[in-house]
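What follows is each chain in one-letter form.
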Amino acid sequence: MTLAFDGSAIDGSSYSYVVGLAQDAPSWLDTLVRDWSTYGLGLFAVLMLLGWWQARHHSARAALTALMVPVVVVVAYGVNSVLKLLVREDRPCHSMRVRTLEACPAPGDWSFPSNHAVVAAAAAVALLLVSRRLGTVALVAACAMAAARVWVGAHYPHDVVAGVLVGTLIARTLTAFLARASDPLAERLTRSRLRALLVPA
């Protein structure tokens, strides 16, 4: 048997309250939140693509910054996967045995921090460097994703809060590091076969 951390003592009552609200909510609202929880990360991919497309028409450096956003997201996801293995917190639907909108993941699919929240927050913070408008949309979407993951019963509130913090910290750290190398790298790439990624044909 795998030893796991029970996070219900932290904010289990808040989790139960939110899950209870979900059970009493109109079916259309639950369907909307459940679909957003399941497919909402696709919006961030669309925003990243739009950010890159717009940045190409601004400058090679801006386009390179936009291309770094998916890299930041992948790194954030990787770091968070390691954190999950270190903490090994059981999903609340296992620890508290409540009825949830989303099917309870299998044991060993750890809860803390939330991958969805990490990915959404990292994408939003990195996108802010590409476009204030797209970044703001992504920030609102990231908050909505974090709330949705609690609403459907997949995470405790502290899971998504930690996920947002982890995603934000990693994105800020990586973007600050990559910004120092973006000018010479952009100049080098514009002289290579990858030029089309940075400037319009």
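Quick note: structure is the one above.
On to the overall build of the protein chain. Summing up its helical and strand segments, the protein chain has 9 helices and 0 strands in all. Taken from N to C terminus, the helices and strands of the protein chain fall in the order α-α-α-α-α-α-α-α-α. Counting over 201 residues, the protein chain shows a buried share of 45%. Of all intrachain contacts in the protein chain linking residues separated by at least 6 positions in sequence, the fraction that spans at least 24 positions is 81%. By element, 66% of the accessible surface of the protein chain is carried by carbon and sulfur atoms, the whole surface being about 10700 Å².

Attention shifts here to the state of the cysteines. Disulfide: a covalent bond formed between the sulfur atoms of two cysteine residues. Enumeration over the complete set of coordinates arrives at 1 disulfide. Linked covalently through their sulfurs, C93 and C104 form a disulfide whose S-S length is 2.1 Å. Taking the sign of the torsion about the S-S bond as the criterion, the disulfide between C93 and C104, at about 80°, is right-handed. Of the two residues, C93 sits in helix α5 (residues 92-95) while C104 sits in the loop between α5 and α6 (115-128), which places them 11 residues apart along the sequence.

Turning our attention to unusual backbone geometry. The omega torsion of the bond from F112 to P113 falls at -15°, within 30 degrees of zero and hence cis. With respect to the helices and strands, P113 occurs in the loop between α5 and α6. One non-glycine residue, R88, lies in the positive phi region at around 55°. Along the chain, the position of R88 falls in the loop between α4 (60-87) and α5.

This paragraph deals with the environment of V73. Checked against the element boundaries, V73 lands in helix α4. Take V73: its relative accessible area is 10%, and that puts it in the buried class. Along the primary structure V73 and L174 are separated by 101 residues, whereas in three dimensions their C-alpha atoms are 10.0 Å apart. What V73 contacts, discounting residues up to four positions off in sequence, is M48, V119, A122 and A123.

Further remarks concern the side chain of K84. Its place among the elements puts K84 in helix α4. Of the side chains with opposite charge, D109 comes closest to the buried, unpaired K84, at an N-O distance of 5.0 Å.

The next thing to look at is the pattern of salt bridges. Using the criterion set out here, one finds 2 salt bridges in the structure. We note a salt bridge from D109 to R91, for which the minimum N-O separation is 2.9 Å. Placement of D109 in the loop between α5 and α6 and of R91 in the loop between α4 and α5 is noted, with a sequence separation of 18 residues between them. The partner of E102 in a salt bridge is R149, and the shortest N-O contact between them spans 3.2 Å. With E102 in the loop between α5 and α6 and R149 in helix α7 (residues 132-151), the pair connects residues that are 47 residues apart, well separated along the chain. The exposure classification of E102 matches that of R149, with both residues buried.

Conventions and cut-offs
Residues numbered from 1 in each chain as written. Predicted model: local features only at pLDDT ≥ 70, side-chain atom pairs only at ≥ 80, totals over all residues. Heavy atoms only, no water. Helix = DSSP H or I, 4+ residues; strand = E, 2+ residues; numbered from the N terminus. Buried < 20%, exposed > 50% of the residue type's maximum accessible area, 1.4 Å probe, protein only. Contact = heavy atoms within 4.5 Å. Areas by Shrake-Rupley, 256 points an atom, 1.4 Å probe, with all protein chains shown as cover. Disulfide = S-S within 2.5 Å. Lys, Arg positive; Asp, Glu negative; His and termini not counted. Salt bridge = Lys/Arg side-chain N within 4 Å of Asp/Glu carboxyl O.

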